[in-house]
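# A structural walkthrough
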Amino acid sequence: TRKGMLDAVHLLRYLIDNGIDGHLTFSGETGSEEFKYKLVTEIKAANLQDKVTFYRMLSQEDLITLYHQSDICFFPSYQEMGFSRTPLEAMACGCLVISYGNEGSDEILQHGVNGFIVQPDEFQHIVNLIRNLISRPNKIRKVIKYAREEIEKGYSQNLYLEQIEAYLQGSISYV
């Protein structure tokens, strides 16, 4: 439930009910068997079986391919603490990110600039946002381009390694 997986199913139903076709892909563990049963039951109740795909843990290469094939990465996490790589990976691959702002995504996303932060359970608002974006492809390209630039500038692997090295060098006591 902390991952917001049910919210993703509800959003898909809202999109389809509002004339926007979509497909939902889950990658990784769904949690307990009890939750997976609840999730699958919800998908069946919404008649979305042919619109949802489940993958177990994917390799980095397969995830990259999936991000490149996707238009939107909806990141509805309720986990407040931590710093998830998911929005960073999606942004690096040119996938538009819509998030609740948790797991550090509010630290990297600037609403309307390099992604979008929305409130939980405001599915109609998210549908309206997506509809607006569909009608403005230049806006989508601009947001995706800026997101990619932000990732390259502030979150590249080389920069990350340099920051770790600097931290470790600063932590070492010389006798």
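Below or above, wherever it landed, is the structure these notes cover. (Residues numbered from 1 in each chain as written. Predicted model: local features only at pLDDT ≥ 70, side-chain atom pairs only at ≥ 80, totals over all residues. Heavy atoms only, no water.)

## Quick word on the environment of lysine 153
We count it as follows: What counts as a helix is a DSSP run of H or I of at least four residues, what counts as a strand is a run of E of at least two, and both are numbered from the N terminus. Polar contacts, as counted here, are pairs of nitrogen or oxygen atoms within 3.5 Å of one another; within protein the pair requires one atom able to donate a hydrogen and one able to accept it, and residues that are adjacent in sequence qualify only if both atoms are side-chain atoms.
Relative to the helices and strands, lysine 153 is located in helix α7 (residues 137-154). Of note is the side chain of lysine 153, whose polar atom sits 3.2 Å from the side chain of glutamate 150.

## Remarks on the pairing of strand β1 (residues 24-27)
Each regular strand shows side chains that alternate between the opposite faces of the sheet. The cut-off we apply is this: Here's how the labels work: a residue is buried when its accessible area is under 20% of the maximum for its type, exposed when over 50%, partly exposed in between, all with a 1.4 Å probe on protein chains only. In this scheme, strands are said to pair when DSSP sees at least two bridges between them. By convention, orient the strands away from the viewer: a clockwise path from the first strand over the helix to the second makes the crossover right-handed.
Side chains Leu24 and Phe26 of β1 all project onto a buried face; the interleaved residues Thr25 and Ser27 project onto a face where none is buried. For β1 and strand β2 (residues 52-55), the ladder comprises four bridges, and the chain directions are parallel. Across the sheet, phenylalanine 26 pairs through a bridge with phenylalanine 54, a residue of β2. A crossover links β1 with its parallel partner β2, the connecting element being helix α2 (residues 33-45), and its sense is right-handed.

## Description of the sheet that holds strand β3 (residues 72-75)
Strand pairing in a sheet relies on backbone hydrogen bonds. The paired strands run either parallel or antiparallel. Selection rule: Contacts are assigned to residue pairs that have any heavy atoms within 4.5 Å of one another. Whenever a helix is involved, its axis is fitted only over the stretch in contact; in every case the axis is a line through C-alpha atoms, and angles between N-to-C directions fall within 0 to 180 degrees.
Read across the open sheet, the three strands follow the order β3-β4-β5; overall the sheet is parallel. The open sheet is flanked by β3 and β5 (116-117), the only strands paired with a single partner. Of the strands in this sheet, β3, β4 (96-99) and β5 touch helix α6 (residues 123-134), which is tilted by about 160 degrees from β4.

## Observations concerning the packing of helix α1 (residues 5-17) against α2
We apply this condition: In what follows, roughly perpendicular refers to angles from 65 to 115 degrees, roughly parallel to angles under 35, roughly antiparallel to angles over 145, and oblique to any angle outside these ranges. Each residue gets one of three labels, nonpolar for Ala, Val, Leu, Ile, Met, Phe, Trp, Tyr, Cys and Pro, charged for Asp, Glu, Lys and Arg, and polar for the others, Gly among them.
Closest axis-to-axis distance for the α1/α2 pair is 10 Å, and the angle between their directions is 5 degrees. Comparing their axes, α2 and α1 come out roughly parallel. In this structure, α1 contributes Met5, Leu6, Val9 and His10 to the contact, and α2 contributes Phe35, Lys38, Leu39, Glu42 and Ile43. Residue classes in the contact of α1 with α2 are distributed as six nonpolar, one polar and two charged.

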